[in-house]
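Below are the chains, spelled out letter by letter.
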Amino acid sequence: QRRWNNKRIDVMVREIVTNEKKLREKSEKCSFPCASLKADLEDTLLFYKDRAIGIAANMIGENKRAMAIIIGGKVRVMFNPVILSASDPYFAEEGCLSLKGRRKVLRHLYIELLFSDENGREKIEGFSRLEAEAIQHEMDHMEGVII
């Protein structure tokens with residue numbers, strides 16, 4: 001359970017979508033505020049933290065441009081992300097909560113990302129290595145790309 005204003009509230013772990021037809025749909029921009037989507041992404045990712053470090057909204061049945069990533073041990077939720085730059089391409093082997101098995105995919109070691117928080121405030125941040133890889137994976141989900 002989670003606390004808000006010293007009151008207990010329910011945690012909402014959403015079911016993971018495995019239907020490839022649904023996963024191939026492009027996600028739509030989020031409108032703000034997005035507190036309930038943020039909470040659902042956080043709760044679901046924390047539930048699966050032993051198997052994943054990221055989750056996109058379409059993986060929990062919300063066709064929105066949003067994702068949650070575990071960075072530095074904490075969940076960060078990002079809305080309407082756009083990769084501004086990417087460098088140092090490499091091939092990675094990735095798995096996915098929505099799919100069986102692992103697949104080889106082209107990723108970039110460093111990315112610069114424009115995104116909004118749940119209130120619509122824009123930020124630009126750089127990410128590298130595993131965090132950058134996870135963000136690119138979730139960005140693929142938002143574009144309807146299945147690895």
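Report follows, based on the coordinates. These numbers come from a predicted model, not from an experiment.

Digging into the sheet that holds strand β7 (residues 122-128)
Phase 1 of the analysis: Strand order in this open sheet of five strands is β3-β4-β5-β6-β7, and the pairing throughout is antiparallel. Unpaired on one side and paired on the other, β3 (54-56) and β7 mark the two borders of the sheet. Strand-to-strand, the axes of this sheet are offset by a mean angle of 45°, without reference to chain direction.
Phase 2 of the analysis: Summarising the sheet, β3 and strand β4 (residues 66-71) pair through three bridges and their orientation is antiparallel. Across the sheet, residue Gly54 finds its bridge partner in β4, namely Ile69.

Comments concerning the pattern of salt bridges
Phase 1 of the analysis: In the structure shown here, the tally under the stated rule is 13 salt bridges.
Phase 2 of the analysis: Residues Arg14 and Glu62 are paired through a salt bridge, measuring 3.0 Å at the closest nitrogen-oxygen approach. Residue Arg14 is found in the loop between β2 (7-9) and α1 (20-23), and its partner Glu62 is found in the loop between β3 and β4; the two are separated by 48 residues along the sequence.
Phase 3 of the analysis: Relative accessible area serves as the criterion here: at 19%, Arg14 is assigned to the buried category.
Phase 4 of the analysis: Across the salt bridge formed by Asp140 and Arg107, the nearest N and O atoms sit 2.9 Å from each other. Residue Asp140 is found in helix α3 (residues 129-142), and its partner Arg107 is found in strand β6 (residues 99-116); the two are separated by 33 residues along the sequence.

What about the environment of Ser98?
Phase 1 of the analysis: Among the structural elements, Ser98 can be located in the loop between β5 (74-96) and β6.
Phase 2 of the analysis: For Ser98, a relative accessible area of 5% puts it in the buried group.
Phase 3 of the analysis: Those residues in contact with Ser98, other than ones at most four positions away along the chain, are Ile16, Val17, Thr18, Leu23 and Met59.
Phase 4 of the analysis: A distance of 2.7 Å separates a polar atom in the side chain of Ser98 from the backbone oxygen of Val17.

Criteria and cut-off values
Residues numbered from 1 in each chain as written. Predicted model: local features only at pLDDT ≥ 70, side-chain atom pairs only at ≥ 80, totals over all residues. Heavy atoms only, no water. Pairing = 2+ DSSP bridges. Helix = DSSP H or I, 4+ residues; strand = E, 2+ residues; numbered from the N terminus. Axes fitted to C-alpha atoms, helices over the stretch in contact; angles between N-to-C directions. Salt bridge = Lys/Arg side-chain N within 4 Å of Asp/Glu carboxyl O. Buried < 20%, exposed > 50% of the residue type's maximum accessible area, 1.4 Å probe, protein only. Contact = heavy atoms within 4.5 Å. Polar contact = N/O pair within 3.5 Å; in protein donor to acceptor, adjacent residues only side chain to side chain.

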